[in-house]
Amino acid sequence: MTVLVDKAKCIGCGACVAECPLEALSLVDDLAVVDPNKCDNLGKCVIICPTNALSLPDLPVGSKTEQKPEAGAAFKVQEPLPENIKDYAADKEKNAAAAKAAPQTAEDTWSGVWIIIEYNNGKIAPVSWELLGEGRKLADTLGCGLCGVITGCDVNNVIDEAFCYGAEKVYVIDDPVLKDFRTEPYTEAICSLVTKYRPEIILMGATSMGRDVFPAVASKLKTGLTADCTVLGIDPEKKILQQTRPAFGGNIMATILCKNKRPQMATVRPRVMAMPERVEGRTGEIIREGFGFTEEDFFTKVIDFIPSDAKSAFLDKAEIIVSVGLGLAAKRNLEMVQELADVLGATMAGTRGAVEAGWLSHDQQVGQSGVTVRPKVYIAIGISGAIQHLVGMETSDFIIAINNDPEAAILKVANFGIVGDLFQIVPALTEEFKKRLQHGVED
Ligand SMILES: Cc1cc2nc3c(=O)[nH]c(=O)nc-3n(C[C@H](O)[C@H](O)[C@H](O)COP(=O)(O)OP(=O)(O)OC[C@H]3O[C@@H](n4cnc5c(N)ncnc54)[C@H](O)[C@@H]3O)c2cc1C
């Protein structure tokens, strides 16, 4: 017998997967699944599960774990431990003692908000500017400077743009080795600047590059990192960064603090923060540093670039999105919605439900495990408005929702809610838009 999973209670948060030292749990279709060949009924997963979805089977007296742990009680693994199991509790105590013994970082020697400006293949990721806008607020609250960081090759035009979007100072490492993005050289470049200039907060976009390089930077600097934040703030008393992101499968928003280590690091999803105004002609201080590494110092080489034709490559930049959910009932009904999208010049997207049904590709999924969008208009058709979907679209400028359930959560975030049958409403909207756009009617 192994740990039992109550499927009705499991929210697919993955806490048990991370906790199990035997790697006996995995997530399949967002449900915890136990591998009977690995599970030894240690019970750590039972304690960590936030929804009490896991339980230990009733084991015969004398077996390794014969008593179920009380919820919240300290759990003791029986001695002696099998060779392949580490005593994590003992490890934790050791680490805490070591951390106390080590000299504490003097917080006041770390100052400034830094934004890592993503420049790759001749393109700047717009989230870098969104973060300069957000960084401005944080720096003003803390009363410190706002700086951009650019690592790459031939980056002078990027420096000028960083000033236009609000950086007061820009740190630059411009070196041919940094021409193409690779984790190791970029990690070295960012870490060398951080170690020398000691910023208090560093932020980067939760893009493919940010998700790749920032964990490596955090790990090298031995500090914390909160990935995929959707809200940032400053704790008014302690003056530390409040990093808010969806947690436990998006069912709660968690605010995470990095209390004892510096710098405080977070990645932020593109299009969540507003784009600041670009002010032509703004200037600031440029601080250039050498790189000090050669090509031979790194294992990876970029051989070729294969451009992606994935639809998501532009979904996050689309101005009008028509998005479908399971209310559409069948793939063949996409044609009806595509007609509306064509009339409006909109991009098609959808919920995870629609993707899992095989109606759309994963590139078109909006939400926590898909793309975050911020179009001018988001039309949600037959979408319930689960929190995992909302976090990916609720900052859209104008939301129109069509749903036959007046209680649907999507209607609570919509600027216009149309309660009714989408099969009547969508064709009627398409006809009306056709007429108005053909005749140039503006309202
Ligand atoms: C870890 C995790 C990550 C997730 N990530 C994402 C994600 O990135 N993106 C995402 O979208 N979801 C995600 N989900 C799934 C999410 O929880 C929801 O299950 C999903 O968003 C629901 O999709 P839906 O709105 O299409 O379907 P449903 O919830 O089934 O909603 C269908 C809606 O259509 C309406 N409807 C039905 N018929 C009609 C009709 N004829 N006319 C009008 N309205 C009608 C219904 O009233 C209902 O509101 C994630 C879940 C987990 C656990």
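Just so it is clear, the structure is predicted and the values come from calculations on it, not from any experiment.

About the thresholds
- Residues numbered from 1 in each chain as written.
- Predicted model: local features only at pLDDT ≥ 70, side-chain atom pairs only at ≥ 80, totals over all residues.
- Helix = DSSP H or I, 4+ residues; strand = E, 2+ residues; numbered from the N terminus.
- Buried ≥ 20, exposed ≤ 12 C-beta atoms within 10 Å, placed from the backbone.
- Axes fitted to C-alpha atoms, helices over the stretch in contact; angles between N-to-C directions.
- Parallel < 35°, antiparallel > 145°, perpendicular 65-115°, else oblique.
- Left-handed = near helix turned anticlockwise from the far one by under 90°.
- Contact = placed C-beta atoms within 7 Å.
- Pairing = 2+ DSSP bridges.
- Right-handed = clockwise from strand over helix to strand, strands pointing away.
- Near = placed C-beta within 6 Å.
- Nonpolar A, V, L, I, M, F, W, Y, C, P; charged D, E, K, R; others polar.
- Core = buried A, V, L, I, M, F, W, Y, C linked by C-beta atoms within 7 Å.
- Expected span 1.5 Å × (residues − 1).
- pLDDT = per-residue confidence, 0-100.

## Re the overall build of the protein
Phase 1 of the analysis: Along its length, the protein carries 13 helices and 21 strands.
Phase 2 of the analysis: For the protein, the residues scored as buried account for 38% of the 443 residues in total.

## Observations regarding the packing of helix α6 (residues 183–197) against helix α7 (residues 208–221)
Phase 1 of the analysis: Interaxial distance between α6 and α7 falls to 9 Å at its minimum, and their mutual angle equals 50°. Viewed along their axes, α6 and α7 adopt a mutual orientation that is oblique. Once α6 is placed against α7, the crossing between them reads as right-handed. Only Asp-212, Val-213, Ala-216, Val-217, Lys-220 and Leu-221 of α7 make contact with α6, whose side of the interface consists of Thr-183, Tyr-186, Thr-187, Ile-190, Cys-191 and Val-194.

## A closer look at the pairing of strand β18 (residues 347–350)
Phase 1 of the analysis: Burial along β18 is two-sided: Thr-347 and Ala-349 and Met-348 and Gly-350, pointing in opposite directions, are all buried.
Phase 2 of the analysis: By the bridge criterion, four bridges tie strand β17 (residues 320–324) to β18 in an arrangement that is parallel. Paired with Ile-321 across the strands is Thr-347, a residue of β18.
Phase 3 of the analysis: Taken together, β17, helix α9 (residues 334–344) and β18 form a β-α-β motif whose crossover is right-handed.

## So, the site of the ligand
Phase 1 of the analysis: Taken together, 32 residues are adjacent to the ligand, and Gly-325, Gly-327, Gly-353, Gly-367 and Ser-384 come closest.
Phase 2 of the analysis: If you list the elements that add at least two residues to the shell around the ligand, you get α10 (352–356), α11 (387–390), β20 (398–403) and α13 (422–438).
Phase 3 of the analysis: The element best represented in the shell around the ligand is α10, accounting for three residues.
Phase 4 of the analysis: Taken together, the residues of the shell around the ligand break down into nine nonpolar, 19 polar and four charged.

## With respect to the nonpolar core
Most often, soluble globular proteins have nonpolar side chains that are buried together.
Phase 1 of the analysis: Grouped together as the largest cluster of nonpolar side chains are 52 residues, with contacts concentrated most on Val-149, Ile-150, Ala-162, Val-170, Ile-190 and Val-268.
Phase 2 of the analysis: The element that contributes the greatest number of residues to this core is helix α4 (residues 127–142), accounting for six residues.
Phase 3 of the analysis: Those residues in contact with Ala-162, other than ones at most four positions away along the chain, are Ile-117, Gly-148, Ile-150, Ala-167 and Val-170.
Phase 4 of the analysis: In terms of nonpolar packing, the next biggest core, distinct from the first, is built from 37 residues, Val-324, Ala-349, Val-366 and Leu-411 among them.

## Overview of α4
Phase 1 of the analysis: Its 16 residues give α4 an end-to-end C-alpha distance of 22 Å, which sits within 8% of 22 Å, the value for a rise of 1.5 Å per residue.
Phase 2 of the analysis: Those residues of α4 that sit buried are Val-127, Ser-128, Trp-129, Glu-130, Leu-131, Leu-132, Glu-134, Gly-135, Leu-138 and Ala-139.
Phase 3 of the analysis: Looking at the packing, one finds that the buried side of α4 touches β5 (113–116), β7 (123–124), β8 (146–152), β10 (201–205), β12 (231–234) and β15 (264–268).
Phase 4 of the analysis: Looking at the residues trailing α4, positive phi occurs at Gly-143, about 70°.

## Some remarks on the pairing of β12
Across a regular strand the side chains alternate sides, sitting on one face of the sheet and then on the other.
Phase 1 of the analysis: Across four bridges, β12 lies against strand β13 (residues 241–247) in antiparallel orientation. Residue Val-231 lies in a different strand from β13, and its bridge partner there is Thr-244.
Phase 2 of the analysis: Here β12 folds back onto β13, and the loop between the two strands holds six residues, one of which, Lys-239, carries a positive phi near 60°.

## A look at the environment of Ile-320
Phase 1 of the analysis: With respect to the helices, strands and loops of the structure, Ile-320 is situated in strand β17.
Phase 2 of the analysis: Along the primary structure Ile-320 and Lys-376 are separated by 56 residues, whereas in three dimensions their C-alpha atoms are 5.9 Å apart.
Phase 3 of the analysis: When residues no more than four places from it in sequence are discounted, the contact partners of Ile-320 are Leu-344, Gly-345, Ala-346, Pro-375, Lys-376 and Val-377.

## Comments concerning the sheet that holds strand β14 (residues 252–256)
Phase 1 of the analysis: With respect to topology, three strands assemble into an open sheet ordered β12-β13-β14, the strand pairing being antiparallel. Both edges of this open sheet fall to β12 and β14, since each of them pairs with a single strand only. Taking each pair of neighbouring strands and ignoring which way they run, the sheet shows an average axis angle of 25°.

## Details of the sheet that holds strand β19 (residues 377–381)
Phase 1 of the analysis: The five strands lie next to each other as β18-β17-β19-β20-β21, forming an open sheet whose pairing is parallel. Bordering the open sheet on either side are β18 and β21 (416–419), each of which pairs with just one other strand. In this sheet, neighbouring strand axes are inclined to one another by 20° on average, regardless of whether the strands run parallel or antiparallel.
Phase 2 of the analysis: Across five bridges, β19 lies against β20 in parallel orientation.

## A few points about unusual backbone geometry
Phase 1 of the analysis: Along the chain, Arg-262 connects to Pro-263 via a cis peptide bond; the corresponding omega equals 0°.
Phase 2 of the analysis: Along the chain, the position of Pro-263 falls in the loop between β14 and β15.
Phase 3 of the analysis: You will see that Asn-41, though not glycine, has its phi angle at about 55°, which is positive.
Phase 4 of the analysis: Counting through the fold element by element, Asn-41 comes out in the loop between β3 (31–34) and α2 (44–48).
Phase 5 of the analysis: Here Asn-41 falls in the buried class, since 20 other C-beta atoms lie within 10 Å of it.
Phase 6 of the analysis: One non-glycine residue, Arg-271, lies in positive phi territory at about 70°.
Phase 7 of the analysis: As for its placement among the helices and strands, Arg-271 is situated in the loop between β15 and β16 (285–288).
Phase 8 of the analysis: Given 22 C-beta atoms within a 10 Å radius, Arg-271 is considered buried.

## Comments concerning the confidence of the model for the protein
Phase 1 of the analysis: In the predicted model, the protein carries a mean pLDDT of 86, and 86% of its residues have values of at least 70.
Phase 2 of the analysis: Here residues 60–107 is a poorly scored stretch, pLDDT under 50, and it has 33 contacts once near neighbours within four places are set aside; other chains count.

## With respect to α7
Phase 1 of the analysis: End to end, α7 covers 20 Å across 14 residues, agreeing with the expected 20 Å (1.5 Å per residue, within 8%).
Phase 2 of the analysis: By the burial criterion, the buried members of α7 are Gly-210, Val-213, Phe-214, Val-217 and Ala-218.
Phase 3 of the analysis: Against α6, β10, β11 (225–229) and β15 lie the buried residues of α7.
Phase 4 of the analysis: In the stretch just after α7, Lys-222 is the one whose phi turns positive, near 55°.

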